[in-house]
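Residue-level structural notes
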Amino acid sequence: MKIVFFGDSVTDCNRVYDDPTNLGEGYVKYTTESLLQSFDDMDFEFINRGISGNRTCDLLARLDKDVIEHQPDIVTILIGINDTWRKFDMNDPTSAEQFRSNYETILKRIKNETKAKIIMMEPFLLYGMGMDHFRPDLNEKIDVVRQLAKEYADFFIPLDGIISAACVEYDDQTVLSADGIHPADEGKKIIAWHLLQVLYDVIADVCPECDCGCGCDCGCDCE
């Protein structure tokens, strides 16, 4: 079973680009480690294609090489914070309309050119970490992600709500993120936990009898 993790720095998280098997130090690492423990007879191929600083336009530009050519069984997508951030640090905004167009094209092509199940995760931002002025612009993009998820996603993870809820549980929010955008270790684990709950269902759907010798073509070693 081949899984591509597609996104920006939150997905990238210091992966080594020269090593295509390197999964970085973020939620992808925690997710894949747990999958290997839970499905020790399944033949997984994990591909981290997060790139720091990327926006939807960048994902669209590298969609062929980093997703379509791999013909994955599952694609997870987490993108959007930089479509907001570039408005403030580079005076290079991405309108909600352009964000929608870029993202929808990505989703349509994955749907039309692969058989992959799509897991969409909305971008998130912690309050009170110096980036609250991002909120109006980011909220527009989160709304777009939610709307697109209704039409294109097989599963959707509302990370902004999940991370906001987690903030209530911690007196020190830096346990979750030092800057409100890039997750610290605890934040990475929260994302991984929620992604895993979805992946367990997706894997069961793609290969419903993967532990019983079904002989399907999902790549598992259960024959």
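The structure contained in this document is the topic of the report that follows. Keep in mind that this is a model prediction, so the values were computed, not measured. (Residues numbered from 1 in each chain as written. Predicted model: local features only at pLDDT ≥ 70, side-chain atom pairs only at ≥ 80, totals over all residues. Heavy atoms only, no water.)

**Some points on the overall build of the protein**
- Helix and strand counts for the protein stand at 9 helices and 5 strands.
- Relative to the 2.2 N^0.38 estimate, which gives 17 Å for 223 residues, the radius of gyration of the protein is 17 Å and therefore close to what a compact globule would have.
- With the principal axes as the frame, the protein shows a C-alpha extent of 55 × 40 × 35 Å.
- When each of the 223 residues of the protein is scored for burial, the buried share is 53%.
- By sequence separation, contacts in the protein at least 24 residues apart represent 76% of the contacts at least 6 residues apart.
- Total accessible area on the protein stands at roughly 10000 Å², and carbon and sulfur atoms take up 46% of it. (Helix = DSSP H or I, 4+ residues; strand = E, 2+ residues; numbered from the N terminus. Rg over C-alpha atoms; globule rule 2.2 N^0.38 Å. Buried < 20%, exposed > 50% of the residue type's maximum accessible area, 1.4 Å probe, protein only. Contact = heavy atoms within 4.5 Å. Areas by Shrake-Rupley, 256 points an atom, 1.4 Å probe, with all protein chains shown as cover.)

**Thoughts on the side chain of Glu-104**
- You can see Glu-104 is positioned in helix H6 (residues 96-113).
- It is Lys-108 that comes nearest to the buried, bridge-free Glu-104 among opposite-charge side chains, at 4.3 Å. (Lys, Arg positive; Asp, Glu negative; His and termini not counted. Salt bridge = Lys/Arg side-chain N within 4 Å of Asp/Glu carboxyl O.)

**Section: the environment of Asp-201**
- Looking at the secondary structure, you find Asp-201 in helix H9 (residues 185-206).
- Separated by 25 residues in sequence, Asp-201 and Leu-176 have C-alpha atoms that sit 26 Å apart.

**Points about empty space enclosed by the protein**
- Under the definition given, this model contains 1 cavity of 30 Å³ or more.
- Looking at the largest cavity, its volume works out to about 50 Å³.
- Every residue lining the largest cavity is listed: Asp-8, Val-10, Leu-78, Ile-81, Pro-123, Phe-124 and Ile-181.
- For the lining of the largest cavity, the residue count by class is 6 nonpolar, no polar and 1 charged. (1 Å grid on protein atoms, 1.4 Å probe; cavity = no way out; pocket = protein on both sides within 12 Å on 5 of 7 lines; lining within 4 Å. Points joined across faces, edges and corners; volume = space filled by probe spheres on them. Nonpolar A, V, L, I, M, F, W, Y, C, P; charged D, E, K, R; others polar.)

**A few points about H9**
- For H9, with 22 residues, the first-to-last C-alpha span of 30 Å sits near the 32 Å given by 1.5 Å per residue.
- Within the sequence span of H9, burial applies to Gly-187, Lys-188, Ile-190, Ile-191, Ala-192, Leu-195, Leu-196, Val-198, Leu-199, Val-202 and Ile-203. (Expected span 1.5 Å × (residues − 1).)

**Some details on the pairing of strand E3 (residues 74-78)**
- For E3, the tally of buried residues reaches 5 of 5 residues, placing the bulk of the element in the interior.
- Two strands pair when backbone bridges link them, and strand E1 (residues 2-7) and E3 are joined in this way by 5 bridges, in the parallel orientation. The residue of E3 that forms the bridge with Phe-5 is Thr-76.
- Examined bridge by bridge, E3 and strand E4 (residues 117-121) share 5 bridges and lie parallel to one another. Across the sheet, Thr-76 pairs through a bridge with Ile-119, a residue of E4. (Pairing = 2+ DSSP bridges.)

**Focus on the pairing of E4**
- Of all 5 residues in E4, 4 are buried, a share of seventy percent or more.
- One ladder, built from 3 bridges, connects E4 with strand E5 (residues 155-157); its direction is parallel. Its bridge partner being in E5, Ile-119 is matched across the sheet by Phe-155.
- You can see the chain leave E4, run along helix H7 (residues 135-152) and come back into E5, and the turn it takes is right-handed. (Right-handed = clockwise from strand over helix to strand, strands pointing away.)

**Some thoughts on the nonpolar core**
- One finds Ile-3, Tyr-27, Leu-35 and Phe-44 to be the most contacted residues of the largest nonpolar core, which totals 36 residues.
- Mapped onto this core, the elements with two or more residues apiece are E1, helix H2 (27-38), E3, E4, helix H8 (159-169) and H9.
- The element best represented in this core is H9, accounting for 9 residues.
- Setting aside its immediate chain neighbours within four residues, Leu-35 contacts Ile-3, Phe-44, Phe-46, Leu-196, Leu-199, Tyr-200 and Ile-203.
- Of all hydrophobic cores here, the second largest spans 25 residues; its members include Phe-6, Val-75, Ile-118 and Val-144. (Core = buried A, V, L, I, M, F, W, Y, C linked by side-chain atoms within 4.5 Å.)

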